[in-house]
Structures are given as C-alpha cells and as structure tokens.
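Structural overview
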Amino acid sequence: MLSIDLHCHSDRSDGALSPTALIYRAAARGVRVLALTDHDTLAGLDAATDAAKQHGVELIGGVEISVTWHGRTLHVVGLNVDPQAAALSEGLARLCSGRRRRAVEIGDRLDAMGVRGALDAATRLASNPDQVGRTHFARHLVACGAASDVKSAFRRYLAEGRAGYVRHQWASLPDAVAWIRQARGMAVLAHPGRYGLRSPRLRSLFAEFRALGGDAVEVLTASHGPEQVDAVSRVANESGLLASAGSDFHAPDESWLDLGQLPELPASCQPIWRAWTDRRAAFVQ
Ligand code: AMP
Ligand code: MN
Ligand code: MN
Ligand code: MN
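Attention in this report is confined to the structure presented alongside it. Please read all numbers here as calculations on a predicted model, not as lab measurements. Every chain begins its residue count from 1, and numbering advances along the sequence as written. Whichever chain is written first is A, and whichever ligand is written first is 1; the rest continue in order. The model is predicted, so local features are restricted to residues of pLDDT at least 70 and side-chain atom pairs to those at 80 or more, both for listing and for counting; the totals for chains, interfaces and linings are taken over all residues. The side-chain values count all of the structure's non-hydrogen atoms but skip hydrogen atoms and water molecules.

1. Some details on the coordination of the manganese ion (ligand 2)
Within the first shell, the manganese ion (ligand 2) binds the protein through Asp14 (OD), Asp14 (OD), His39 (NE2) and His250 (NE2), at distances of 2.2 to 2.7 Å. Bound by 6 donor atoms, the manganese ion (ligand 2) shows angles of 51 to 157 degrees at the metal and therefore irregular coordination geometry. Counted as donors are the N, O and S atoms within 2.8 Å of the metal, or 3.2 Å for Na, K and Ca, while water is not among the atoms, so some sites may look incomplete. Counting gaps between the donor residues of the manganese ion (ligand 2) yields the pattern D-x24-H-x210-H. The distance between the manganese ion (ligand 2) and the manganese ion (ligand 3) is 5.6 Å. Remark: His39 occurs in the loop between β2 (33-36) and α2 (45-55) and Asp14 occurs in the loop between β1 (4-5) and α1 (19-28); sequence separation between them is 25 residues. In this scheme the shape depends on donor count and angles: four donors with every angle between 85 and 135 degrees give tetrahedral, four or six donors with opposite pairs above 155 degrees and others between 65 and 115 give square planar or octahedral in turn, and any other case is irregular. A run of H or I in DSSP becomes a helix once it reaches four residues, and a run of E becomes a strand once it reaches two; helices and strands are each numbered from the N terminus.

Printed below as a string of structure tokens:
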C-alpha cells in the first residue's frame, strides 16, 4: 500500500470529518503524507497543520478547484499551495459566492419537486456554511427519506440532467492553473477518468493542461478502475505529465475508497512526489 494520499476532504467542504479527525484517521491507517484538498477552500489547513504535527503526518496544503471547461465540470487539485497567495484566495472567494448562489437555486429546484426546506437543511449539514455543495443536499435527501443513500440521491436528483441539477460557471481552466502557480503550488488534474472523454479528447485536455503549466494528473483515485489507470497513465506519459494518487476520501460510511487503501502507482508512471526533491526524505518508505 502507498503511504501517500494526495486528495481528500474534510468538513470544511463536503467531507464528514473535521480536519483534526481526518488527520487522526489518516495516521491510524498508515498514511504518512496527506494532502487536504477541500473543494474551493483553504479553510481546513490551519487545523490540519496542527493535528498533523501531533500525529507525525506530513501535511501537504492543498485545494480542489472547480472548473468549467467546454461546458463540463472538471476538478483541478493544487498541491503545496501558499495559503497566503492573493490570486488564489481571491479566486476561491469568488467561487464561494457563486457556490452560494447555486445552492439557493438547487434549494428552489428541490422545493418545486416537493422536497421542502432543503437549502436550510443542507446548510445546517454543512459545517462550513460557505461551502454548501450537492453532497450536503444529497445527505439531506437521505435523512428525509427521499433517497436511500447518497449515490442514489445523486442519481435521482442531483446528477447532471436530473431536475435538481443547476448548471454553473466555475473557474476557467487557465485561471485555476494560474492561481495554483501563483501560489507556488503544483497543478494536478483530478480523476480524469470521470469526465467521460475518449482518448483523443483526453489527449487534447492533457495537452492543454500541460501547455497552461499543469504538472500532473491523478492516475490512482477511487473512481478509476484498472482500465482507466492504464489509459490515464499511458496518456499522461505521452503528454509529459507526472502521476498523482489520492483516495478522494469523504466519509467513512459513504463507500469511497478509505484513507490508506491506495495501491502502488504503475511502474511506468513518474510520481509527482519525486519532483519534491528538497523534501524527499519524507517520502522514503
Ligand atoms: P459540487 O461541487 O457541490 O457540485 O459537488 C461535487 C461533489 O459531489 C463531488 O466532489 C463528490 O463528492 C460528489 N458527487 C458527485 N457526483 C456524485 C455521485 N454520482 N455520487 C456520489 N457523490 C457524488
Ligand atoms: Mn466532494
Ligand atoms: Mn473531484
Ligand atoms: Mn475530491
């Protein structure tokens, strides 16, 4: 098992655990290097840094930025970002207000479908009221009996094409990469296998991402099966991109890959952590 996990969420976005509890769980499950990558916010990093020191975990300050690319939502992870960098925090603040407007609209849609009071309920479920996302609505739909679990709440109400789905304009791909670079971080295209792109389009996305200054793509992630690991690692190598690995862990009981369950990267990949030469000692197994 890999002792590195470069993608996970706390309750500062749509994870279920506080940053402190997340670090504790990671340490207990054998993770030595963990990146906290909440959606569009750096709010968990201070608490995670303190907890990481206590539990002997190396914390990588991260974020997962929501992007709109040719009408599709993509996610770009920033690793080792400087939380003080102005362009990044201003960009995230704008995404945050857009997210809030979208939450109001999702609430209206669900209201029209007969699920009353969903906005208030989802906001109560979000420990961070700035980051109300579809997962919070999904958890409410489960709590009120409208869906049996989070996945079916997405399938029935919240996934693209369903009545509760609200089309939204997130950051542009060039902006997201630029914010990460200005914060002296590395930009990683998250879970590329989830975007439903066939090889030629995947290739052109990777080429565009590389040309903008992107560094890596996630090869290992909960949503990639063996075929996607193969395809993504092949195209990453052809495109000159490094490989990253992250569980995308959200909550113990929501059937995501847990912390500390990632296998090794395929031997053909160039791991992103090899580039962190000045911190290499931390990654020795
Ligand atoms: P948002 O940024 O609010 O649109 O929410 C995106 C998040 O919803 C993702 O990061 C996942 O945590 C979750 N999500 C998206 N699609 C699904 C799905 N089909 N089943 C379960 N969770 C999902
Ligand atoms: Mn999420
Ligand atoms: Mn994501
Ligand atoms: Mn994620």
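So, next bit.
2. Quick notes on the site of ligand 1
In this text, near means that some heavy atom of the residue lies within 4 Å of the molecule or strand in question. The local shell around ligand 1 consists of Asp14, His39, Arg99, Arg102, Gly133, Arg134, Thr135, Lys151, Phe154, His250 and Trp256. The contact in question runs from an oxygen atom of ligand 1 to an N or O atom on the side chain of Asp14, over 3.1 Å. We define a polar contact as two N or O atoms separated by no more than 3.5 Å, with the added condition that, inside protein, one atom must be a possible hydrogen donor and the other a possible acceptor, whereas residues neighbouring each other in sequence contribute only through side-chain atom pairs. Between ligand 1 and Arg134, the relevant distance is 2.8 Å, taken from an oxygen atom to a side-chain nitrogen or oxygen of the residue. The method behind every accessible area is Shrake-Rupley, applied with a 1.4 Å probe, and residues are considered shielded solely by the protein chains displayed. Protein contact buries 83% of the 500 Å² of open area that ligand 1 shows by itself. At the level of secondary structure, the elements contributing two or more residues to the shell around ligand 1 comprise α3 (86-112), α5 (134-143) and α6 (150-158). Amino acid classes used here: Ala, Val, Leu, Ile, Met, Phe, Trp, Tyr, Cys and Pro are nonpolar; Asp, Glu, Lys and Arg are charged; the rest, including Gly, are polar. Of the residues contributing to the shell around ligand 1, the split by class is 2 nonpolar, 4 polar and 5 charged. Note that the domain bounds reflect an automated or database-derived domain assignment. Residues from two domains meet in the shell around ligand 1; each of domain 1 (4-92 + 169-279) and domain 2 (97-158) gives at least three.

3. Quick word on the packing of helix α8 (residues 199-212) against helix α9 (residues 226-239)
If you want to describe how two helices pack, look at the angle between their axes and the distance between the axes. To define axes, lines are fitted to C-alpha atoms, for helices over the stretch in contact only, and angles between the resulting N-to-C directions are given on a 0 to 180 degree scale. Put simply, α8 and α9 touch, their axes get as near as 10 Å, and they point 45 degrees apart. As summarised for this structure, α8 and α9 are arranged oblique, according to the angle between their axes. The crossing of α8 and α9 is right-handed. Note on element contacts: α9 touches α8 through Val232, Val235, Ala236, Glu238 and Ser239, opposite Leu202, Arg203, Phe206 and Arg210. Throughout, the term roughly parallel applies to angles under 35 degrees, roughly antiparallel to angles over 145, roughly perpendicular to angles from 65 to 115, and oblique to all others. Definitions for this section: a left-handed crossing has its near helix turned counterclockwise from the far helix by less than a right angle. A right-handed crossing has that turn clockwise. Contacts were defined at the residue level, with two residues in contact if any of their heavy atoms lie within 4.5 Å.

4. So, the side chain of Asp38
Structurally, Asp38 is set in the loop between β2 and α2. Exposure is judged per residue with a 1.4 Å probe applied to protein chains only, and the accessible area is read against the type maximum: over 50% gives exposed, under 20% gives buried, and values in between give partly exposed. Asp and Glu are treated as the negative residues and Lys and Arg as the positive ones, with His and the ends of the chain left uncounted. Each reported salt bridge corresponds to a side-chain nitrogen of Lys or Arg within 4 Å of a carboxyl oxygen of Asp or Glu. In this structure Asp38 is buried but unpaired, with Arg12 as the nearest side chain of opposite charge at 6.3 Å. Side-chain polar atoms of Asp38 contact the side chain of Ser10, separated by 2.6 Å. If sequence neighbours within four positions are ignored, Asp38 has contacts with Cys8, His9, Ser10, Arg12, Ser13, Val63 and Glu64.

5. Quick notes on the pairing of strand β3 (residues 58-69)
Most of β3 sits inside the fold, with 11 of its 12 residues counted as buried. Two strands pair under a simple rule: DSSP has to find at least two bridges between them. In terms of strand pairing, β2 meets β3 through 4 bridges, oriented parallel. Counterpart to Val33 in the pairing with β3 is Glu58. Across 8 bridges, the pairing between β3 and strand β4 (residues 72-79) is antiparallel. Within the sheet, the bridge partner assigned to Val63 lies in β4 and is Gly78. Connecting β3 to the antiparallel partner β4 that follows it, the hairpin turn spans 2 residues, and His70 within it adopts a positive phi of roughly 45 degrees.

6. Some details on the side chain of Thr41
In this fold, Thr41 is placed in the loop between β2 and α2. At 3.0 Å, the side chain of Thr41 and the backbone nitrogen of Ala43 are in polar contact. Leaving out residues up to four positions away in the same chain, Thr41 has contacts with Arg12, Ser13, Gly62, Val63, Leu92, Asn128 and Gln131.

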